[in-house]
Amino acid sequence: MRHDDYITRTSRPEPRFLRRDPVVHADTENRWQGPLDEVALSNFERDGFLWFKGFFSQERMTPFFDELEQMSNDDQLLKQDGVIRDPKSGAIRSVFDMHRISERFAELTRDPRILGMVRQLLGGDVYIHQSRINDKYGFQGAGFDWHSDFETWHAEDGMPRMRAISASIMLTDNNEFNGPLMLIPGSHHQFVPCVGQTPDDNWKSSLKAQEAGVPSQQNLQALVNRGGIQAPKGPAGSLLLFECNVLHASNSNMSPWPRSNLFFVYNSVENALEQPFAADKPRPSFLANRDQPRALDMHDPYRDVRFAKSA
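Residue numbering note: each chain is counted from 1, following its sequence as written. Residue-level local features of this predicted model are given only where pLDDT is at least 70; pairs of side-chain atoms are given and counted only at 80 or more, and the full residue set underlies all totals for whole chains, interfaces and linings. Side-chain figures throughout are based on the complete set of non-hydrogen atoms in the structure, without hydrogens or water.

Engineer: What exactly am I supposed to notice about the packing of aromatic side chains here?
Structural biologist: Each pair of aromatic rings is reported with the distance of its centres and the angle of its planes. Put simply, two rings from Phe, Tyr or Trp (the six-membered ring, in Trp's case) pair if the centres are within 6.5 Å, and we call them stacked under 30 degrees between planes, edge-to-face over 60, tilted for the rest. Overall, the coordinates contain 12 aromatic pairs when judged by the stated rule. Taken together, a centroid distance of 5.1 Å and an interplanar angle of 65 degrees make the contact between Tyr6 and Phe191 edge-to-face. Residue Tyr6 is found in the segment before β1 (17-18), and its partner Phe191 is found in strand β9 (residues 190-191); the two are separated by 185 residues along the sequence. Ring geometry for Phe242 against Phe263: centres 6.3 Å apart, planes inclined by 90 degrees, an arrangement best described as edge-to-face. Here the residue Phe242 occupies a position in strand β10 (residues 239-243), and Phe263 occupies one in strand β12 (residues 259-268), the gap between them amounting to 21 residues. Residue exposure (1.4 Å probe, protein chains only): buried if accessible area is under 20% of the type maximum, exposed if over 50%, otherwise partly exposed. In this structure Phe242 comes out as buried when scored by relative accessible area, which is 1%. Using a relative accessible area of 2% as the deciding quantity, one classes Phe263 as buried. Grouped by ring-pair contacts, the aromatic residues Tyr6, Phe17, Phe150 and Phe191 constitute a single cluster. Each ring is checked for a lysine NZ or an arginine CZ that lies within 6 Å of its centre and within 35 degrees of its normal; such an atom marks a charge sitting over the ring. Arg2 extends its terminal NZ or CZ atom over the ring of Phe277, reaching a point 3.8 Å from the ring centre. For helices the rule is a DSSP run of H or I covering at least 4 residues; for strands it is a run of E covering at least 2, with both sets numbered from the N terminus onward.

Engineer: I tried to follow the nonpolar core on my own but got confused; where do I start?
Structural biologist: Side chains that are nonpolar tend, in soluble globular proteins, to be buried together. We call a set of buried Ala, Val, Leu, Ile, Met, Phe, Trp, Tyr and Cys residues a nonpolar core when their side-chain atoms join them within 4.5 Å. Ile114, Ile169, Leu239, Leu262, Phe264 and Tyr266 are the most contacted members of the largest nonpolar core, which totals 43 residues. In this analysis, two residues are considered to be in contact whenever any of their non-hydrogen atoms come within 4.5 Å of each other. If sequence neighbours within four positions are ignored, Ile114 has contacts with Phe55, Phe56, Ala167, Ile169, Leu239 and Tyr266. Within the second largest apolar cluster, 13 residues are counted, among which are Phe17, Tyr127, Val265 and Leu273.

Engineer: Please clarify how the sheet that holds strand β2 (residues 49-52) should be interpreted in this entry.
Structural biologist: Sheet strands associate in pairs through backbone hydrogen bonding, adopting either a parallel or an antiparallel arrangement. In this scheme, strands are said to pair when DSSP sees at least two bridges between them. The strand order β2-β10-β7-β12-β5-β4-β3 describes an open sheet built from 7 strands, whose pairing is antiparallel. Two strands bound the open sheet, and with one partner strand each, they are β2 and β3 (83-85). Within this sheet the neighbouring strands show an average axis-to-axis angle of 15 degrees, counted without direction. Pairing geometry for strand β7 (residues 164-170) and β10, over 5 bridges, is antiparallel. Bridge pairing links Ser166 to Phe242 in β10. Axis angles are defined between N-to-C directions and span 0 to 180 degrees, where every axis is a line fitted to C-alpha atoms and, for a helix, only to the segment in contact. In the packing of helix α6 (residues 112-122) onto the sheet, the strands contacted are β2, β5 (126-136), β7, β10 and β12, and the crossing angle to β12 comes to about 45 degrees.

Listed below in C-alpha cells is the structure:
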C-alpha cells in the first residue's frame with residue numbers, strides 16, 4: 001500500500017495538520033531567479049496568494065469575453081461533458097479544457113510574465129493540469145462552496161504533492177456584488193482532511209454543487225478567526241495567483257453584472273498525477289491532464305496543443 005501524506009475523505013473527522021511541502025519550492029540558490037522580489041515571495045508564503053490589479057489591459061480581455069459569448073451559442077460545444085451548466089438557471093457555469101479549445105487562451109497560458117512567476121514559485125518547469133472559465137451571469141450565477149483545490153486534486157486526480165498554482169484572470173470587473181473569489185489568508189499552511197467517501201463519478205455533480213471535499217464549519221471557523229477573509233476586487237485584466245491548498249469560495253451573483261474569470265492551473269512537471277488517493281478511478285482528462293508532463297515553452301506556444309475548434 002502506497003504512502004499518503006494527505007489522507008482525506010475519511011469515515012470520521014480527523015484533525016487538520018501542517019502541510020508537508022514547502023510553499024515556495026525554489027531552493028535557496030534559485031529563489032531569486034524570477035520576477036518576484038523578496039516582498040512578493042514573503043507575501044505569497046504568508047498568505048498563499050498574490051493579487052495584481054490591472055495586470056493586463058481591459059482591451060486585451062475583451063476578445064476573450066467575446067469568445068465566451070460565442071461558446072454560449074454553440075450547441076455542439078454545449079453538449080460536451082466539459083461544459084457545466086448552472087444548477088438553477090441552466091446557463092454556462094464552467095467550460096473546461098480551454099487551452100485545447102482556443103488558440104487565444106492557449107497562448108495566454110504561456111504569457112512570459114505569468115510563467116516566470118509560476119516557475120519561480122514552483123521551482124522549475126510546469127505544465128497545464130487544468131484550464132477553465134468560471135462564469136456567473138447577472139442575477140443567476142451560483143456560488144462555489146469553501147474548498148481546497150489540492151484536496152480534490154489529491155483525492156480524485158492523484159496529485160501527490162502541494163506543488164501547483166492557479167492563475168485566475170478576470171475577464172470582467174470583479175466587485176463586491178457579483179460574487180468575487182474569497183480566500184482565507186494563511187489557510188494553505190494546514191491541510192484539512194474532509195469526511196465522507198468520494199461518490200462514483202463525483203465530478204458529474206460536484207462541478208455544479210460540491211458536497212464531497214468540503215471542510216467542516218469548525219475548521220473553517222478556526223482558520224477564518226486566524227486569517228480572516230479577503231476578496232480581491234478589480235477591473236477586467238486583473239490577475240490572482242493562488243496556492244493549490246488555500247481555502248477559497250465565492251458567493252452567488254446577486255448583481256446585474258456578469259462575473260467571468262479564467263483559470264489556468266500550473267503543476268510542476270515533477271508532480272505528475274498518480275492514481276487517485278481517495279476515489280475508485282481518475283476523473284476525465286478535461287478535468288485533470290494525465291498526459292506525460294511536458295514543460296510549457298513561452299517561445300513555442302502551440303507545441304502539443306490539439307485545438308478543438310467549435311463549429
